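Here is what each chain is made of, one letter per residue.
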Amino acid sequence: MSNILEIKNLYKYFGGIRAIDNLSMQVRENSLTALIGPNGCGKSTLFNVISGVLKADSGSIKFNGTELIGLQPNEINHLGLSRTFQDTKLFQNLTVVENMMLPPKHQKGEKLINIFKSKEKVDEMETELLDKALDILDLLEIRHMGYEYTKNLSGGQSKLVDLARILMSDPKMLLLDEPTAGVNPALTEKLFQKIFEMKNKLNLTVMIIEHDMDVIMRDEVDYVFVSNLGNIVAQGIPKEVQKNKDVIEAYLGK
Amino acid sequence: MDKTETEMPSSISRIIDKYKDFIKTKDASVIFYGLLVFLLVITIIGFRSQNLTFNITLLIFASLYIAAIYLCISLGLSMTYKLLDFANFAHAEYFIIGAYTAIMWNMINDYRDPVFMDIFIVIVLGFIAAGLVAILGDILVFKPLRKLNSSSETLMISSIGWGIIIRNVVSVFFGAGVVYFRWVETKNIRIKSVRVGGADFSTSVVYGLNVEYLIAILVTIFMVIALFYVLAKTKMGKALRATSDNISLAESSGIKTDRMINITWFIGGGLAGVSGVLFGLSSPIFPTSGFIYLLPAFAVVVLGGIGSLKGSVVAAVIIAFSQNLSVSYLSWLEGPLDRSGLIAYQRVLPFVILIIVILIKPQGLYGGDLDE
Amino acid sequence: MSKLSINKILDPIRIDYKIASSISFAIMILFTFAIKNTLLAIILNAIALVYIYIQNDQNYTEKTVNNIKLLATVTNFLLAFIILKDTPYSLFMVEALLFIVFYTLLALSLNVGNGLTGIVNFGVVAQVTVGAVVTGLLSVRGMPIFFAFIWGILGAAIFSGLIAMTTLRLKDDYFAIVSITIGEIFRQFLNTEPSLRARPGSNKLTTPGILDIPQPLAGFYNSTLINIAFFDWMNYRLFLGFIGAFIVLIALLIVNVIYYSPYGRLLKSIREDELVTNVYGKEVFKYKVIIMMISGLIAGAGGAMLAWIFLVITPENFLPLTTFFAWTAFIIGGRGNNKGMIVGSIIFVLLQRASRLLDNADSLFMRGLNSFVKFANPEAPSVSISYLQLIVVGAVLILFLRFSPRGMLPEEAYRPEIRGKKLPRAGSQAKSVQTEELDNNAQTNNKGDNNL
Ligand SMILES: Nc1ncnc2c1ncn2[C@@H]1O[C@H](COP(=O)(O)OP(=O)(O)O)[C@@H](O)[C@H]1O
Ligand SMILES: [Mg+2]
């Protein structure tokens, strides 16, 4: 298996805060990778830098061989790299279906001229997109929420819709920032199952941020990075990492 | 990987980014020095034509006077902007509250001749009246909207509405025409000045300094020092700064933030009120005269950096001086360009500065905290 | 492939609404032109509308209710128009119509910019200025009015696009400040620049302004329409109102297509969260520039309308107050709802102008007010009604923002409906057992560190 994501010597400081400090990592294609670390150690910042939301100070990020540094977030998304946000950022005043119909690439209706000139084609594409959205909602068993405004959803429902939305753009790789934060344990389990299911069904590479250790106890996780103070302090398959002294220190030491 | 899927270059954003980077980084200085050289060349041409003249003392005092007015308005604007995170378009109306309070003092004391001391009474009254109206505005308009978690956009729109209400309530009671503050007759102070430019290049002239200008400048300096002292040294000032930095943090550390917000409104509105009084000393007042100062005040706030009082002081002086300098250039340029009325563009100069600053250095000179 | 619109026609609720609205219009036309008893018409129409309102209204979608409100407002305005046609108030109504047209265009422009895309544009009057000045100048200099108009709106669009390109990257409040500032700079240009002063046949004016601006189709009206008996109740200003209404209609159609299309959905996402839209692969900036241009196009048409209404434009026509009025009409109407812009403008203009009908120094109200003012300030000049108008407008705006921020006609959800795939309506979600169970303990919502 080849590496889909390669990060080399990445730096990102916020004034005095070293959010990312000479970080390097590789993520293998079709793997399910977990990035764990205590709160405030720069995990979300890493996702922000990868997805182009924040500019890195220096370093290199290669996705499928394409350098991401310097690209706009939309360009990075078009390469097939899609992310969620820790504080589930759904479009509050739009319905679930509308939320989901935004991410697909190369929509006919994205061009102003098309919605006046080739309305038929736009409608056709809309129908396809709606079909696709409904299929994904079916997969996640939340079809009944289709026309609900997302501001009316609970935390758990929002996380599911977030997942549904990110799948709409046919990504190659998903970056999920604490997909189960604030969700009760029963749903957490369910959410993870859904994520694994999606990953296998759609042949995705998935990287998950979690701030507690539980996630590395899972069989489905292929590889674990442990981050602390903006750097990777340990990595390996879950079984190895569990035994790693640095990890235990990082977690139990605080 | 499939290259066709990686197209869609974000052409426009790319170009704009490049151009912004260009300005922001090393080349900003190129533009800046380019501008300086351009000004220098223009100045030399002007001097050689013997038509560009500056009256140094006039320039200094007129600019300081304008700076004082701008500054008094912008200090409060800057404070509330930082604290509540919205641009209050009604702020300039607190200016006319101060000005018309002075007029009311005139009316109440109709039966006697004005005395010198009136000015100090009026300054205090103007401060209190404008400060109270500012608090009233918060209670009636902004606080309920904050409670609803309204966006800063909503707050901005409602502040325009609130400003229009104030302006027109004043119009109802005083009419839309100009009114004058009656005060003791003052004589201009005659001081020596140098006029640079013209045939002899430097001529010494006598300049009659308006006492009202001097009062405005001195009162403003006093108030700014007092404000800085209160903010830096008193317990209340520290609480104010903490609230302005981070409301929720201040709240959780036991500061009564609601009270701090009211105090900020009172001080901010009051300062604007005083500037209205000071302005009314030497100029006619009408209900829209506050609005005229709104955008220059924004220019000062933005150039200084939102929330930075020190920045506001510096910015007010810079803007006032450049505005007054521009008068000399514009009136000279009317000749070579064969145009009349160019001088009116001096009003636009703060606007242009505002836009340029926002484009090139949106955080301003001292973008930062209240305690700087 | 099924067409998206089929169900719209089949939807029984909409049929109901269509019948009701047809009846309402039929009543109006019938009684006005055939029976000539407009008072009866207005009463019957009101009854019909109330009936529509009352009839099991929980079954109506938001859209239907909005349509009914629009219908109610517009028909009743038109009826009032017809009733007052032979009275001294007819002039008032015609002027009101002209300004309704003007503010509808401005509000519509805001609705594209802010209601749809979330741009805080406080520079509406700058766009209006460009539209008015370009149209005015070109037509005064002899260009045919239609082409002058086209150049006017294109000019406003191009100008808006340029402003957007340079400043739209800024924070909302900075953009607001910059846009209001640009309006003021323009006003100064208008005041000072000799090249922006003109009247037909002369370019050397000593005072600012563009005078004697030709009005559209005036010749046609004078030579043709005035002689047709059917139009005997029409005067040119009313005719101009119809021209304006026609422009509004075109703008409305264009904006409506954008609104209820994938393009509109994209713009709404930008409004909701620019960053997320960008992260999901859309070049936000480009869309914002395009939308500013469209909003400039519409506000520019408003500017041309203003030039035609006043025939003379001076810097005083372009005070920031106009921007504020446009925002008021926009907020009252309901941000995000195009039909709402008509309702908002009607309400705003009547609110602002109706007080003119009270402007009678002898009225009890004015006498009371004046004596109160005189009591407070013996030297006060007598109160002008225009101050009261502005106070009322300011207060109404603030009250709307506080108590009804969604406006008279709230935004409607975009719901692509496909045959055989009907989903439950927004707001009527019947939670399935499964999610209820899942969410029982999940009410904590996500309180993660929001440091992004
Ligand atoms: N935009 C920002 N500006 C300043 N500091 C930031 C910003 N984003 C994150 N930080 C800081 O960087 C550090 C890492 O944050 P984050 O990446 O969110 O951590 P994690 O996701 O691992 O909990 C924190 O100390 C946080 O306060
Ligand atoms: Mg995080």
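Residues numbered from 1 in each chain as written. Chains lettered and ligands numbered in written order. Predicted model: local features only at pLDDT ≥ 70, side-chain atom pairs only at ≥ 80, totals over all residues. Heavy atoms only, no water.

Engineer: So what exactly am I meant to see when it comes to the confidence of the model for chain B here?
Structural biologist: Do not read the fine detail of predicted coordinates wherever pLDDT is low. Residue and element names in this part refer to chain B. When the pLDDT values of chain B are averaged, the result is 85; 91% of them are 70 or greater. Least confident of the elements in chain B is helix 1 (residues 11–24), whose mean pLDDT is 57; most confident is helix 5 (residues 118–147), at 94. Across residues 1–9, where pLDDT falls below 50, the model places 14 contacts with residues more than four positions away in sequence or in other chains. In the model, residues 368–372 has pLDDT below 50 throughout and makes 21 contacts with residues more than four positions away in sequence or in other chains. (pLDDT = per-residue confidence, 0-100. Helix = DSSP H or I, 4+ residues; strand = E, 2+ residues; numbered from the N terminus. Contact = heavy atoms within 4.5 Å.)

Engineer: Honestly, helix 4 (residues 62–83) of chain C in this entry has me stumped. Any pointers?
Structural biologist: Structural remark: α-helix, 3.6 residues per turn; residues separated by three or four positions point the same way. Taking 1.5 Å per residue, 22 residues should reach 32 Å; helix 4 of chain C reaches 31 Å between its end C-alpha atoms and fits that length. Within the sequence span of helix 4 of chain C, burial applies to T64, N66, N67, I68, L70, L71, A72, T75, F77, L79 and F81 of chain C. (Expected span 1.5 Å × (residues − 1). Buried < 20%, exposed > 50% of the residue type's maximum accessible area, 1.4 Å probe, protein only.)

Engineer: Which parts of the structure should I look at to understand the sheet that holds strand 5 (residues 66–67) of chain A?
Structural biologist: The strands that make up a sheet are held in pairs by hydrogen bonds between backbone atoms, and each pair lies either parallel or antiparallel. Residues and elements named next belong to chain A. Overall, antiparallel pairing links the 4 strands, which are arranged 2-1-4-5 in an open sheet. Of all strands in the sheet, those bounded by a partner on one side alone are strand 2 (17–28) and strand 5. Sheet topology places strand 4 (residues 58–63) next to strand 5; 2 bridges connect them, and they run antiparallel. Note that in strand 5 the partner of F63 across the bridge is T66. With respect to the sheet, helix 1 (residues 43–50) is in contact with strand 1 (3–14), strand 2 and strand 4, its orientation differing from that of strand 1 by roughly 115°. (Pairing = 2+ DSSP bridges. Axes fitted to C-alpha atoms, helices over the stretch in contact; angles between N-to-C directions.)

Engineer: I tried to follow the coordination of the magnesium ion (ligand 2) on my own but got confused; where do I start?
Structural biologist: Geometry sets the ideal angles at a metal, namely 109.5 degrees for four tetrahedral donors and 90 or 180 degrees for six octahedral donors. Listed as protein donors to the magnesium ion (ligand 2) are S44 of chain A (OG) and Q86 of chain A (OE1); their distances from the metal cover 2.1 Å. You can see S44 of chain A sitting in helix 1 and its partner Q86 of chain A sitting in the loop between strand 6 (81–83) and helix 3 (96–101), a full 42 residues away along the chain. (Donors = N, O, S within 2.8 Å, 3.2 Å for Na, K, Ca; no water.)

Engineer: Honestly, the interface of chain B and chain C in this entry has me stumped. Any pointers?
Structural biologist: Note: interface size is frequently given as the accessible area lost on complex formation between the parts. Counting from both sides, the interface comprises 55 residues of chain B and, opposite them, 52 residues of chain C. Carbon and sulfur atoms make up 72% of the area that chain B and chain C hide from each other, which totals about 4800 Å². Its largest share of buried area at the contact with chain C, chain B owes to I157, V172 and F173 of chain B, together 13% of the area lost on that side. Taken together, chain B and chain C are joined by 2 salt bridges. As a salt-bridge pair, R335 of chain C and E153 of chain B come within 3.2 Å of each other at their nearest N and O atoms. Our count for the contact surface shared by chain B and chain C stands at 7 residue pairs in polar contact (both at pLDDT 80 or more). Mapped by element, the contributors of at least two residues to the side of chain B that touches chain C are helix 1, helix 5, helix 6 (152–174), helix 12 (294–304) and helix 14 (349–360) of chain B. If you tally residues by element for the side of chain B that touches chain C, the top one is helix 6 of chain B, at 16 residues. For the side of chain B that touches chain C, the class distribution of residues is 39 nonpolar, 10 polar and 6 charged. (Buried area = accessible area lost by both parts, 1.4 Å probe. Salt bridge = Lys/Arg side-chain N within 4 Å of Asp/Glu carboxyl O. Polar contact = N/O pair within 3.5 Å; in protein donor to acceptor, adjacent residues only side chain to side chain. Nonpolar A, V, L, I, M, F, W, Y, C, P; charged D, E, K, R; others polar.)

Engineer: Is there a simple way to explain unusual backbone geometry in this structure?
Structural biologist: Apart from glycine, the bulk of residues carry a negative phi angle, and the bulk of peptide bonds sit in the trans form. Residue and element names in this part refer to chain A. Even without a glycine there, the phi angle at E178 is positive, about 45°. As for its placement among the helices and strands, E178 is situated in the loop between strand 7 (173–177) and helix 7 (185–202). A relative accessible area of 3% places E178 in the buried class. Positive phi, normally seen in glycine, also occurs at N203, with a value near 60°. Looking at where N203 falls in the secondary structure, it is placed in the loop between helix 7 and strand 8 (205–210).

Engineer: When you look at the pairing of strand 2 (residues 189–197) of chain B in this model, what are you seeing that I'm missing?
Structural biologist: Each regular strand shows side chains that alternate between the opposite faces of the sheet. Residue and element names in this part refer to chain B. Direction of pairing for strand 1 (residues 53–55) relative to strand 2: antiparallel, over a ladder of 3 bridges. Along strand 2, the bridge assignment pairs N55 with R195. Bridge analysis of strand 2 against strand 3 (residues 202–209) gives 8 bridges, and the strand direction is antiparallel. Note on strand 3: the bridge partner recorded for R195 is T203. Hairpin connection between strand 2 and strand 3: a loop of 4 residues separates the two successive antiparallel strands, and G198 in this loop has a positive phi of roughly 85°.

Engineer: Can you help me understand the side chain of D173 of chain C in this one?
Structural biologist: By the secondary structure assignment, D173 of chain C is in helix 8 (residues 172–192). You can call D173 of chain C buried: its relative accessible area is 3%. Only 2.6 Å separates the side chain of D173 of chain C from the side chain of Y81 of chain B, close enough to count as a polar contact.

Engineer: I would appreciate a short explanation of the packing of helix 7 (residues 211–233) of chain B against helix 10 (residues 257–282) of chain B in the present structure.
Structural biologist: Each pair of packed helices can be summarised by the angle the axes make with each other and by the distance between the axes. Residues and elements named next belong to chain B. Where helix 7 contacts helix 10, the axes come no closer than 9 Å and their chain directions differ by 165°. One way to sum up the angle between helix 7 and helix 10 is to call them roughly antiparallel. Considering how the two elements wind past one another, helix 7 and helix 10 form a crossing that is right-handed. On the side of helix 7, the interface is formed by E212, Y213, I215, A216, V219, T220, M223 and L227, while helix 10 contributes I267, L271, V274, L278, L281 and S282. Residues of the contact of helix 7 with helix 10, tallied by class, amount to 11 nonpolar, 2 polar and 1 charged. (Parallel < 35°, antiparallel > 145°, perpendicular 65-115°, else oblique. Left-handed = near helix turned anticlockwise from the far one by under 90°.)

Engineer: I would appreciate a short explanation of the domain arrangement of chain C in the present structure.
Structural biologist: Residues and elements named next belong to chain C. Each domain of chain C was delimited in the assignment, giving domain 1 (1–87) and domain 2 (91–332). At the interface, 5 residues of domain 1 touch 6 residues of domain 2. Contact between domain 1 and domain 2 buries roughly 560 Å² in total, counting both sides, with carbon and sulfur atoms accounting for 92%. Linking domain 1 with domain 2 are 0 residue pairs in polar contact (both at pLDDT 80 or more). By residue class, the composition of the side of domain 1 that touches domain 2 is 4 nonpolar, no polar and 1 charged. (Domains from an automatic or database assignment.)

Engineer: Explanation requested: the environment of F400 of chain C in the structure shown.
Structural biologist: Residues and elements named next belong to chain C. With respect to the helices, strands and loops of the structure, F400 is situated in helix 17 (residues 385–403). Expressed as a C-alpha distance, the spacing of F400 and L364, which sit 36 residues apart in the sequence, is 29 Å. Setting aside anything within four residues of it in sequence, one finds F400 in contact with I331, I332, P405, G407 and M408.

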